[in-house]
Amino acid sequence: GEAMTDSQFDLFLIHGGMVAEGLKSEEALAFIVRSQLATAEDVAWLVEHRAMSAAAAKVAKEKLHG
C-alpha cells in the first residue's frame, strides 16, 4: 500500500491514543478537527483508513495478548 506521510502517522498516533483512552473514534476525530490538530486531507485519509487501522490494531493486540 501507499506509505503514510509523517503528518498522517502523527494523526494515526493521536487518534489511536484518544481511542485507547476510551473515546469513540468519531469523538476523537471531532476533537482533532475542532482543535485543528490535523489537516482536512489527513483527517479524510484517516477516516478512509480507519477500518483498516482498527483491524490492524485488533490483530496486533491479539498477537501481543494471544
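Our subject is the structure that appears above.
Everything numeric here is computed off the predicted structure, so don't read it as measured data.

1. Brief notes about the side chain of glutamine 8
Now for step 1: With respect to the element layout, glutamine 8 can be found in helix α1 (residues 6–20).
Now for step 2: With relative accessibility at 10%, the residue glutamine 8 sits in the buried group.
Now for step 3: Here the side chain of glutamine 8 touches threonine 5 through a polar contact of 3.0 Å, landing on its backbone nitrogen.
Now for step 4: Excluding its chain neighbours within four sequence positions, the residues that come into contact with glutamine 8 are Ala3, Asp42 and Trp45.

2. Structural notes on unusual backbone geometry
Now for step 1: Of note, glutamine 36 is a non-glycine position whose phi angle comes to about 55°, a positive value.
Now for step 2: Within the fold, glutamine 36 resides in the loop between α2 (25–34) and α3 (40–65).

3. Quick word on the nonpolar core
Now for step 1: Counting 8 residues, the largest nonpolar core is built from Leu11, Met18, Ala28, Leu29, Ile32, Val43, Trp45 and Leu46.
Now for step 2: Mapped by element, the contributors of at least two residues to this core are α1, α2 and α3.
Now for step 3: Excluding residues that lie within four positions of it along the chain, tryptophan 45 makes contacts with Glu2, Met4 and Gln8.

Reading the values: the criteria
- Residues numbered from 1 in each chain as written.
- Predicted model: local features only at pLDDT ≥ 70, side-chain atom pairs only at ≥ 80, totals over all residues.
- Heavy atoms only, no water.
- Helix = DSSP H or I, 4+ residues; strand = E, 2+ residues; numbered from the N terminus.
- Buried < 20%, exposed > 50% of the residue type's maximum accessible area, 1.4 Å probe, protein only.
- Polar contact = N/O pair within 3.5 Å; in protein donor to acceptor, adjacent residues only side chain to side chain.
- Contact = heavy atoms within 4.5 Å.
- Core = buried A, V, L, I, M, F, W, Y, C linked by side-chain atoms within 4.5 Å.

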